[in-house]
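Close look at the chain arrangement
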Amino acid sequence: MADTGFKAGLEDVVALTSDLCFIDGKEGRLVYRGYDAVDLSEHATFEEVVFLLWYGNLPNAGQLKTFLRELGESRQLDPAVERLLASLPKTTAPMDALRTAVSLAGIYDPDGDAMEPEVNQRKAVRLVAQIPTMVAAFDRMRKDLPVIAPDRDLALADNFLWMLTGKRPSGQNAKAFDTALILHADHELNASTFSARVTAGTLSDIYSATTSAIGTLKGPLHGGANEQVMRMVDEIGSLDNVRPWLDQAFQEKRKIMGFGHRVYKTDDPRAVVLRRFSREMSQTQGTMDIFNRLEAIGDYVREQKHLHPNVDFYSGSVYRMMEIPVDVFTPVFAISRIAGWTAHILEQYHNNRLIRPRAEYTGPTHLTVKPIAER
Ligand code: ACO
């Protein structure tokens, strides 16, 4: 058969050009529009990073003030979206609730079906502003707790933790959460962003593209891994059980969640930063138990399988220390990645070509239909 250039999982296939994000998988660098994401996480806020991804430059003080006001004023959900969230079974997975709420929000968007660039930009603002409100509101509704209205004057990270827990976050928690949001904001053509761009490439609307992306992020091989890491840590239960538990998993050829990456062949720079936060927050809270277990898991998987921890390995421990429930970890990923999804969707609209690859057909080609009695 002629070489079709087929690559399983599209590994290393370059599908499009983009100005947004660069990953150096060998050096372990992540770059947003020219800026190292680690540098941004130390010297900028999540909102500044959203601005950077959308508009191509960091905002000056005046631009940031206007942008924060725009985001703050867009946080409130349409009453129809609130009613939908309240009507869902309390057992609904928060990620499913989010996917459904985003889809409904598209129907009630004040700009309707319009697709002009400035309208899509306004819709992007509403998505970034409202996804945290959706996630927090559903978590409280399912627990029969009163929903907390967004506070337009708080930063996005602080406001989310406030709406979710009903407590103003400590400085350390607010900084750690904002940092996690920055580090998850974009990641080139990861699976969910690719989904978003495929949907946008048909000139479907921004809410549909985001709904596709949320469905893709949910899977345990992608954003869903952060939940699975904490479930693994809990199941392992103690330091003594780390090696026996992992030996059994290796024997059964199970994937260890939070390890490996399609692009990084060295330490994931996001994991390096989140590991530091995990250690520092554990020290503050006086509970090193989970962090020590993570370290032991990391050491043994590295030693046995030569795999590096990815972003999902430490994020869960950081979120848990902020009292975020385990099944809300992946929706939290969406609270951040909506920045990258919308930036990519807008970029796709700006220079669109339908994304439509080919398949290498492996079935028969010349069968003839037999009458039904002879089949
Ligand atoms: N545990 C055990 N073995 C692994 C792991 C892992 N986590 N990751 C890769 N491997 C092994 C595979 O078994 C395979 O070995 P083989 O060649 O002997 O069969 C080899 O490494 C290559 O792995 P693939 O799954 O083919 O690599 P791919 O690039 O397709 O997958 C992925 C990358 C999905 C991230 C994979 O490493 C994985 O499943 N990791 C666990 C899930 C996870 O943490 N996902 C989050 C990724 S980061 C993010 O999406 C935000």
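Structure first, text after, so check above.
Think of each chain on its own: its residues are numbered from 1, step by step along the sequence as written. Under the rules for a predicted model, residues below a pLDDT of 70 receive no local features and side-chain atom pairs below 80 are neither given nor counted, while totals for whole chains, interfaces and linings still include all residues. Where side-chain values are given, they derive from all heavy atoms of the structure, hydrogens and water being excluded.

Structural notes on the site of the ligand
- For the ligand, the set of nearby residues contains 17 residues, the closest of which are His222, Lys255, Ile256, Gly258 and Arg262.
- Between an oxygen atom of the ligand and a side-chain N or O atom of Lys255, the distance comes to 2.8 Å.
- A molecule is said to occupy a pocket when more than half its atoms come within 2 Å of that pocket's grid points, and by this definition the ligand occupies the largest pocket.
- Of the residues in the shell around the ligand, the class split is nine nonpolar, five polar and three charged. Any residue with a non-hydrogen atom lying within 4 Å of a molecule or strand is treated as near it. Definition of a polar contact: a pair of N or O atoms within 3.5 Å, with one able to donate and the other able to accept a hydrogen when the atoms are protein atoms, and with sequence-neighbouring residues admitted only if both atoms are side-chain atoms. Both site types are read off a 1 Å grid over the protein atoms alone. A 1.4 Å probe that fits but cannot get out defines a cavity, while an open set with protein on both sides within 12 Å along at least five of seven lines defines a pocket; lining residues have an atom within 4 Å of a point. Cavities and pockets are treated as containing a molecule whenever more than half of the molecule's atoms lie within 2 Å of their grid points. Basically, the charged four are Asp, Glu, Lys and Arg, the nonpolar ten are Ala, Val, Leu, Ile, Met, Phe, Trp, Tyr, Cys and Pro, and anything else, Gly included, counts as polar.

Quick word on the packing of aromatic side chains
- Between the rings of Phe, Tyr and Trp (Trp by its six-membered ring), a pair exists once the centres lie within 6.5 Å; its type follows the angle of the planes, with under 30 degrees stacked, over 60 edge-to-face, and the other angles tilted. What the rule picks out here adds up to twelve aromatic pairs.
- Taken together, a centroid distance of 6.1 Å and an interplanar angle of 65° make the contact between Phe177 and Tyr319 edge-to-face. Remark: Tyr319 occurs in helix 15 (residues 311–320) and Phe177 occurs in helix 8 (residues 171–184); sequence separation between them is 142 residues. Judged on exposure class, the residue Phe177 and its partner Tyr319 are both buried.
- Over the ring of Trp162 we find Arg168, and its NZ or CZ is 4.1 Å from the ring centre. Runs of H or I in DSSP of at least four residues are treated as helices and runs of E of at least two as strands, each being numbered from the N terminus. Partly exposed describes any residue whose relative accessible area lies between the buried limit of under 20% and the exposed limit of over 50%, with all areas from a 1.4 Å probe on protein chains only and scaled to the type maximum. In our convention, an over-ring charge means Lys NZ or Arg CZ found within 6 Å of a ring centre and within 35 degrees of that ring's normal.

Digging into the nonpolar core
- Nonpolar core, defined: a set of buried Ala, Val, Leu, Ile, Met, Phe, Trp, Tyr and Cys residues in which side-chain atoms within 4.5 Å join the residues together. In terms of nonpolar packing, the biggest core is built from 112 residues, with Tyr32, Leu85, Met134, Phe160, Phe177, Ile297 and Ile324 touching the most fellow members.
- Note that domain bounds follow an automatic or database assignment of domains. Counting the residues that make up this core, at least three belong to each of domain 1 (21–220 + 326–350) and domain 2 (225–321).

As for helix 3 (residues 61–73)
- An expected span of 1.5 Å times one less than the residue number is assigned to each helix. Over its 13 residues, helix 3 runs 18 Å from end to end, which matches the ideal 18 Å to within 8%, given 1.5 Å per residue.
- Of all the positions in helix 3, only Leu64, Phe67, Leu71 and Gly72 are classed as buried. The buried residues of helix 3 occupy an angular sector of 130° when projected down its axis, which confines them to one face.
- Of the residues flanking the start of helix 3, the one acting as N-cap is Asn60, its side-chain oxygen 3.2 Å from the backbone nitrogen of Gly62. Directions pointing from the helix axis toward each C-beta atom define the arc.

Some points on unusual backbone geometry
- Here the phi dihedral of Asp144 falls at roughly 60°; this positive angle occurs in a residue that is not glycine.
- Residue placement: Asp144 occurs in the loop between helix 6 (117–142) and helix 7 (156–165).
- A relative accessible area of 61% places Asp144 in the exposed class.
- At Leu203, a position not held by glycine, the phi torsion is positive, near 65°.
- Position of Leu203 among the secondary structure elements: in the loop between helix 9 (191–200) and helix 10 (206–217).

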